[in-house]
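Coordinates in review
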Amino acid sequence: MSEDTERPQQGKLSQQERDRIGARLLEHGARLPCPRCGGTHFVIAEGYFSHPLQFKVGQLVLGGQTIPCAIVVCTKCGFISQHALGILDLMPGEEPARERK
Ligand SMILES: [Zn+2]
């Protein structure tokens, strides 16, 4: 992926936004290598996963509560990890998360 010259397209996350996610992950201690291959290089995807919460087994409800997640991809093996934006204090328009320990 390109560096500074990348421009936001069609709502994709800009490089600046992805850099912010990366910095926040480091602040929260997400520094270990890939759990599958031990790789140490990752990219942050240009969009989010937003998992719909389900409250009954066997019933799929869309359009309700979700958990928006940043997507981190290992560049060696393709393993994908996800990080809840709320925990990283990256949810727009929300109060920062409670104190952690
Ligand atoms: Zn990997």
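Just above sits the structure.
Computed from a prediction, not measured in an experiment: that's the story for all the values here. (Residues numbered from 1 in each chain as written. Predicted model: local features only at pLDDT ≥ 70, side-chain atom pairs only at ≥ 80, totals over all residues.)

Some details on the overall build of the protein
Each helix and strand counted, the protein has 1 helix and 3 strands in total. Secondary structure elements of the protein occur, N-terminal to C-terminal, as α-β-β-β. Considering the protein as a whole, with its 101 residues, one finds that 8% of them fall into the buried category. (Helix = DSSP H or I, 4+ residues; strand = E, 2+ residues; numbered from the N terminus. Buried ≥ 20, exposed ≤ 12 C-beta atoms within 10 Å, placed from the backbone.)

Thoughts on the nonpolar core
Core analysis: the biggest nonpolar cluster contains 5 residues, these being Ile21, Ile44, Cys69, Ala70 and Val72. Considering every element that reaches this core, the biggest residue donor is strand β2 (residues 66–74), with 3 residues. If near-sequence neighbours (up to four positions away) are discounted, Cys69 is found in contact with Tyr48, Phe49, His51, Gln82, His83, Ala84 and Leu85. (Core = buried A, V, L, I, M, F, W, Y, C linked by C-beta atoms within 7 Å. Contact = placed C-beta atoms within 7 Å.)

What to know about helix α1 (residues 15–27)
An ideal rise of 1.5 Å per residue puts 18 Å on 13 residues; α1 measures up with 18 Å between its terminal C-alpha atoms. Within two residues after α1, Gly29 carries a phi angle of roughly 85°, on the positive side. (Expected span 1.5 Å × (residues − 1).)

Let's talk about unusual backbone geometry
A positive phi angle, near 55°, is found at Asp89, a position not held by glycine. Here Asp89 shows up in the segment after β3 (80–84). Under the C-beta neighbour-count criterion, Asp89 is labelled partly exposed, with 13 such atoms within 10 Å.

Quick look at the environment of Val73
Relative to the helices and strands, Val73 is located in strand β2. As for Val73 and Ile44, which are separated by 29 residues in sequence, their C-alpha atoms are 6.3 Å apart. The contacts of Val73, once residues within four sequence positions are left out, are Phe42, Val43, Ala45, Gly78 and Ile80.

What to know about the sheet that holds β2
If you trace the 3 strands from one edge of the open sheet to the other, you get β1-β2-β3, paired in antiparallel fashion. This sheet does not close on itself; its edge strands, each paired only once, are β1 (42–52) and β3. Going from strand to strand, the sheet's axes swing by 30° on average, the running direction of each strand aside. In this sheet, β3 lies alongside β2 in antiparallel orientation, the contact comprising 5 bridges. Of the residues in β3, the one forming a bridge with Val73 is Ile80. (Pairing = 2+ DSSP bridges. Axes fitted to C-alpha atoms, helices over the stretch in contact; angles between N-to-C directions.)

Remarks on the environment of Tyr48
Following the sequence through the fold, Tyr48 ends up in strand β1. The class for Tyr48 is partly exposed, based on 17 C-beta atoms found within 10 Å. Between the C-alpha atoms of Tyr48 and His83, which are 35 residues apart in sequence, the distance is 9.7 Å. If we skip the residues at most four places from it in the chain, Tyr48 touches Pro68, Cys69, Ala70 and Ile71.

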